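A closer look at the structure
Single-letter residue listing:
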Amino acid sequence: MFILSSPSGAGKTTIARRLLDEDGKIAMSVSVTTRQPRPGEVDGKDYQFVDQPTFQRMVDDGEMLEWAEVFGNNYGTPKAHIKAGLKAGQDFLFDIDWQGTQQLYQRMETDVVRVFLLPPSIDALEGRLRNRNTDSDTVIDGRMARARSEISHWDGYDFVVVNDNIDECFGKVKTILEAERMRRARQTGLVDFTRGLMR
Ligand SMILES: Nc1nc2c(ncn2[C@@H]2O[C@H](COP(=O)(O)OP(=O)(O)O)[C@@H](O)[C@H]2O)c(=O)[nH]1
Ligand SMILES: Nc1ncnc2c1ncn2[C@@H]1O[C@H](COP(=O)(O)OP(=O)(O)O)[C@@H](O)[C@H]1O
């Protein structure tokens, strides 16, 4: 479970899309949300967009691995697909906030890798949110007001990467993923493989 978090606008979605394009072995964990779709967002691909009663029913029925309220909307990770995938050896990429990260870490500690992206400066963060052209001024002001408190959770992560140059940042995130895959405990079949080598 490879988690990418950041203050809004620091570049998680951009990095996540590129990772999914270039790495055939990782799949996106598609979250459920009560927020309205942005132009260009596809239901079932970017998020599963639901109304508040549906979200609440999913929480009540224990269908969420974790969930949290962010910017006045609810976001959650549906459990069934992820659990089945992990069992079959599938890696998953999570674009979730610090609250979701804490919940996943508490539940599945050794399966989780936590990466936090930071912007090179507060001005750059605001510039990116404005350039993205997806949110109104009021929404952007809200996201900027929250940025400082989101940044304060930097020490709840295993890795911290500053997203200044996008290619460099992407290279670093890919390196983390590749190194984590080489951890002995994550490699299945090593016992038989090494036995074969020693025979
Ligand atoms: N806990 C949790 N947070 C989520 C989930 N899905 C998205 N988020 C977080 O909700 C926040 C807002 O996401 P979004 O509305 O897509 O705006 P973004 O900040 O531009 O990516 C981001 O910090 C996401 O990482 C989820 O399933 N669980
Ligand atoms: N290193 C970078 N330099 C300049 N612009 C960037 C960089 N990384 C991302 N962006 C742009 O900043 C905006 C916010 O990025 P996005 O990936 O949507 O952030 P998040 O998902 O964290 O909210 C997008 O318009 C994106 O193209």
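Note that the structure is a prediction, hence the values are computed from the model and not measured. (Residues numbered from 1 in each chain as written. Chains lettered and ligands numbered in written order. Predicted model: local features only at pLDDT ≥ 70, side-chain atom pairs only at ≥ 80, totals over all residues. Heavy atoms only, no water.)

Moving on to the site of ligand 1. Lining the immediate environment of ligand 1, one finds 19 residues, of which Ser31, Arg35, Tyr47, Tyr75 and Asp95 sit closest. With respect to ligand 1, the side chain of Arg143 contributes an N or O atom lying 3.1 Å from an oxygen atom. Relative to its free-state accessible area of 560 Å², ligand 1 is covered by the protein chains to the extent of 98%. Listed by contribution, the elements that provide at least two residues to the shell around ligand 1 are strand E5 (64-70) and strand E6 (73-78). Tallied by class, the residues present in the shell around ligand 1 amount to six nonpolar, five polar and eight charged. (Near = heavy atom within 4 Å. Polar contact = N/O pair within 3.5 Å; in protein donor to acceptor, adjacent residues only side chain to side chain. Areas by Shrake-Rupley, 256 points an atom, 1.4 Å probe, with all protein chains shown as cover. Helix = DSSP H or I, 4+ residues; strand = E, 2+ residues; numbered from the N terminus. Nonpolar A, V, L, I, M, F, W, Y, C, P; charged D, E, K, R; others polar.)

By the alternation rule, side chains of strand E1 (residues 2-5) split into Phe2 and Leu4 and Ile3 and Ser5, which are all buried. Sheet topology places E1 next to strand E7 (residues 91-95); three bridges connect them, and they run parallel. From the neighbouring strand, Ile3 faces E7, where its bridge partner is Phe94. (Buried < 20%, exposed > 50% of the residue type's maximum accessible area, 1.4 Å probe, protein only. Pairing = 2+ DSSP bridges.)

Along the chain, Ser29 falls in the loop between strand E2 (26-28) and strand E3 (32-33). The exposure class assigned to Ser29 is buried, which follows from its relative accessible area of 5%. With residues up to four places along the chain from it excluded, the contact list for Ser29 reads Thr77, Ile82, Phe92, Leu93 and Phe94. (Contact = heavy atoms within 4.5 Å.)

Position of Asp46 relative to the elements: it lies in the loop between E3 and strand E4 (48-49). Among the polar contacts made by the side chain of Asp46, one reaches the side chain of Arg17 at a distance of 3.3 Å. Engagement of the side chain of Asp46 in a polar contact is seen with the backbone nitrogen of Val42, the distance being 2.6 Å. With sequence-adjacent residues up to four places away left out, Asp46 is seen in contact with Arg17, Val30, Gly40 and Glu41.

Attention shifts here to the UniProt feature "binding site: ATP" (unreviewed entry) in the chain. Under the UniProt annotation, "binding site: ATP" (unreviewed entry) lies at Ser6, Pro7, Ser8, Gly9, Ala10, Gly11, Lys12 and Thr13. Look past the residues within four positions of Ser6 in its chain and what remains in contact with it is Gly11, Lys12, Phe116, Leu117 and Glu150. Tracing the sequence through the fold places Gly11 in the loop between E1 and helix H1 (12-22). (UniProt positions renumbered as here; feature names shortened; annotations may be inferred.)

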